[in-house]
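An overview of the molecular structure
Residue strings, one per chain:
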Amino acid sequence: MKAIIVANRDSVAAKHKIDGFSGCETENRLAKTKEKVHVFPTLHQTHLISHFSNLTIESCYNTKTIPHLQMREMTWLFVVVVAVVSMGGVEGRRNVRVLEGSIEYTAINCRGHSASIIDFGGVGDGKTLNTRAFQEAVSALSKYGSDGGAQLYVPAGQWLTGSFNLTSHFTLFLHKDATLLASQDINQWPVIDPLPSYGHGRDAAGGRYISLIFGTNLTDVIITGENGTIDGQGLLWWQKFHGKKLKYTRPYLVEIMYSDTIQISNVTFLNSPSWNVHPVYSSNILLQGITILAPIQSPNTDGINPDSCSNTRIEDTYIVSGDDCVAVKSGWDEYGISYGMPTQHLIIKRLTCISPYSAAIALGSEMSGGIQDVRAEDIVAINTESAVRIKTGVGRGGFVKDIYVKGMTLHTMKWVFWITGNYGSHADTHWDPKAIPVIQNINYRDIVAENVTMAARLEGISGDSFTGICISNATIGMRVKAKKVPWTCTDVEGMTSGVVPKPCDLLPDQGPDKIGMCNFPQGKLDIENVELKKCSYVMT
């Protein structure tokens, strides 16, 4: 069975309204592309990607609806074909089964009590505001926290809502045809304090609008479903951002702070005002089977941003974004240095990313608390600016070290490897010019890339070289109009083996017998050993 997808596993035009997309038919495209499809040699081999260099596909983007996001004719919005075969597909999306009268799913914990949002007066007509219904539902179900926990079921419908908080030992479950619609009334978005590791907001110096779904000091909280949708309706916010009309920083779709044991799975996020999923100051986090979609010129619509978090597992995710698909962070300049809480023990598996102006995986630039032990494998990036980018600069302090990447399949990239030591954008004028970041032990291996403009741009800091850069078994196919010099390297140290085209002299070739020299840890992180339980919801 083959399903054609334009910027979404389930067909954007067929299932979702994306701000700025007008919708388009896809059936005829499958017939046109059948003979131009081949399998990229990824480890999981679930993605079949059309032969981009020989195929131009009409854009589904309606630029007229977003004055600030006018775009060139987009031939990059490639058709992605997912092959669904017996025992195949994406592991993270096989864990929901609908039976007569009940739904079965897998989760880190099951619940002893259940209710529907309808029980609290919810109306899914797309017009009735349900903020109070969600708030009252969570409040009522919180009393079961010490008695097996509770789950809140959101049935099919369009559920307009403002921000609401989650509680501990709680599951929010979305039916496949359920959509949470973020309210366009800014009064439904309370303002909260800046994050202590950032000092102030990102869009404005003051506070920030609370996220649509928010939680703090929680234990055992789950957002899951049958691939239901959370739609931020971000166009209003993007216009305010471009028009410099924001008093506070834009909200995210989900932010969970100071919490432990978090699961977000089998949910689609659309049109976030800014970042989509932001776990911060938290640990033991499972993010699985998530789809994130935003127009590619929507501002700062990062996909998943683990921030000062430990023991995090991101897998089987599909992201189309106006910014980095995954951005690993740990605080900003002197505030992040003072807070001193690194992001560590993070694994990213089976990520598919489309982000023409940003990275598939970014480390930084807000990395002042440190980033350590990040493992990424089986990554697919299509028409994305760079594969893995490290962003830092003088004043950031902190460190990025022990980074391990293997098994990347890339097509149409500006850079494959990009390390930036001159990144600006400081929190304020009080940053410390003596706060120099440490970048070391960066490992890349087993990479295939096609249609690349420049293999690498590696820029350390003068007098503070970035060290221990290792690249092995990387074949990079350059585009016809590629840069004449495929590598630029300054203030970096390292080594390579089996890399084409030939790397810069600062990364000397160690010969073909060292092709497996770049490290990747053999042991598993604790979060990888978490076993999911079979849970159910009985529909009444």
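Rules used in this analysis
- Residues numbered from 1 in each chain as written.
- Predicted model: local features only at pLDDT ≥ 70, side-chain atom pairs only at ≥ 80, totals over all residues.
- Heavy atoms only, no water.
- UniProt positions renumbered as here; feature names shortened; annotations may be inferred.
- 1 Å grid on protein atoms, 1.4 Å probe; cavity = no way out; pocket = protein on both sides within 12 Å on 5 of 7 lines; lining within 4 Å.
- Points joined across faces, edges and corners; volume = space filled by probe spheres on them.
- Nonpolar A, V, L, I, M, F, W, Y, C, P; charged D, E, K, R; others polar.
- Helix = DSSP H or I, 4+ residues; strand = E, 2+ residues; numbered from the N terminus.
- Buried < 20%, exposed > 50% of the residue type's maximum accessible area, 1.4 Å probe, protein only.

An unreviewed UniProt entry lists the protein chain under the name Polygalacturonase, with Deinandra increscens subsp. villosa given as the organism. Recorded in UniProt for the protein chain, the comment headed Sequence similarities (unreviewed entry) runs: "Belongs to the glycosyl hydrolase 28 family."

**Some thoughts on empty space enclosed by the protein**
Taken as a whole and judged by the stated rule, the model has two cavities of 30 Å³ or more. For the largest cavity, the calculated volume is near 70 Å³. Around the largest cavity, the lining residues are P194, L195, Y198, H200, G201, R202, R208, T249, Y252 and W275. Its residues assigned to classes, the lining of the largest cavity shows five nonpolar, three polar and two charged. As a volume, the second largest cavity reaches approximately 30 Å³. Surrounding the second largest cavity, V254, E255, I256, I262, I264, V277, H278 and P279 form its lining. The set of elements that each furnish at least two residues to the lining of the second largest cavity consists of β19 (254-257), β20 (260-265) and β22 (277-280).

**Topic: unusual backbone geometry**
Residue G364 is joined to S365 through a cis peptide bond whose omega torsion reads 5°. Looking at the element boundaries, S365 is found in the loop between β28 (359-363) and β29 (371-384). The omega torsion across V500 and P501 is 0°, close enough to zero to call that bond cis. Among the secondary structure elements, P501 is positioned in the loop between β35 (492-500) and β36 (533-538). If you check the backbone angles, K244 has positive phi at about 55° while not being a glycine. Along the chain, the position of K244 falls in the loop between α4 (235-242) and β19. Under the relative-accessibility criterion, K244 is labelled exposed at 76%.

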